[in-house]
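Reading the structure
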Amino acid sequence: MSALPDLDHIRLSDRPLVVCDVDDVVLQFLAPFEAYLAAEGARLLPRSFRLHGNIISLTSNEALEDQRVSDLLETFFEAQERWQTPFAQAVETLHAVERQADVVFLTAMPPRFAAQRRRLLDALHLTFPMVATETPKGPVVHAIHQTRPLPIAFIDDMAHNLHSVGEHVEDCLLIHMMPDSEIHRHAPKPGEHVARALDWPHAGTLLARHFTP
Ligand SMILES: [Mg+2]
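Rules and cut-offs
- Residues numbered from 1 in each chain as written.
- Predicted model: local features only at pLDDT ≥ 70, side-chain atom pairs only at ≥ 80, totals over all residues.
- Heavy atoms only, no water.
- Helix = DSSP H or I, 4+ residues; strand = E, 2+ residues; numbered from the N terminus.
- Expected span 1.5 Å × (residues − 1).
- Buried < 20%, exposed > 50% of the residue type's maximum accessible area, 1.4 Å probe, protein only.
- Arc of directions from axis to C-beta.
- Contact = heavy atoms within 4.5 Å.
- Domains from an automatic or database assignment.
- Buried area = accessible area lost by both parts, 1.4 Å probe.
- Salt bridge = Lys/Arg side-chain N within 4 Å of Asp/Glu carboxyl O.
- Phe/Tyr/Trp six-rings, centres within 6.5 Å; stacked < 30°, edge-to-face > 60°.

Observations regarding helix H2 (residues 66-78)
- In a regular helix each residue adds 1.5 Å, so 13 residues correspond to 18 Å; H2 covers 18 Å between its end C-alpha atoms and thus fits that length.
- Among all positions in H2, only Val69, Leu72, Leu73, Phe76 and Phe77 are buried. Taken end-on, H2 shows its buried residues confined to a sector of 130 degrees, consistent with a single buried face.
- Contacts made by the buried residues of H2 are with helix H1 (30-39), strand S3 (55-57), helix H3 (80-83) and helix H5 (114-123).

What follows is the structure, given as structure tokens:
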């Protein structure tokens, strides 16, 4: 079992809790990553739901080596402040949600880029606590919420994260939200127990309904 990340900085009030993914939920990931690839002489060919094997050199038209793709992801995360922007209504909706609930960001990103992500979120006035980890999300959300008798919701674009939280946290409203892109059409679909939000205003409505007694 993987060790849990440090959660000591998270202080919750006696209110409902929203745990929210960042990449491709709050901040655009795919679109700016494609722009970054173009600047690096490559492009994504969305043949399946993975980056490795699907990034093509603009000069040779060959798929880049896996190590080169991993390196590009790392340099993108390092430079994220120059590339990533929020989705429409994400910032406004999270500020509205904050009036009713605590918000915690749970971002599946190498923790060594946490400082860049923190600065980027802070610059957008999204100062909620953040956990950056590559460990499964279910045990982390369970450790944050524990057994508090308060409503909880989790938002993510990846089915496996939503399923992981559903398995570890009882009575959690699971909300799936993802960009409308070609590669996301290849993504595994979440189960029937997961709600689908079409955009941030819709997510805000689902959250308010879940949190209102
Ligand atoms: Mg994501």
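What about the domain arrangement of the protein chain?
- Splitting the protein chain by domain gives domain 1 (17-28 + 84-211) and domain 2 (30-82).
- Across the boundary between the two partners, domain 1 contributes 20 residues, which contact 16 residues of domain 2.
- Across the domain 1/domain 2 interface, buried area totals approximately 1,700 Å², and carbon plus sulfur atoms make up 64% of it.
- Summed over the three residues of domain 1 that lose the most area to domain 2, namely Gln84, Phe113 and Ile183, the buried surface amounts to 36% of that side.
- Where domain 1 touches domain 2, the interface holds 2 salt bridges.
- Arginine 112 is paired through a salt bridge with glutamate 74; the nearest N and O atoms lie 2.3 Å apart.

Describing the packing of aromatic side chains
- The tally for this structure, following the rule as stated, stands at 10 aromatic pairs.
- Ring geometry for phenylalanine 33 against phenylalanine 76: centres 5.2 Å apart, planes inclined by 75 degrees, an arrangement best described as edge-to-face. Highlighted residues: phenylalanine 33 in helix H1 and phenylalanine 76 in helix H2, separated in sequence by 43 residues.
- By relative accessible area, which is 0% here, phenylalanine 76 ends up buried.
- Pairwise contacts between aromatic rings join Phe29, Phe33, Tyr36, Phe76, Phe77, Trp83 and Phe113 into one cluster.

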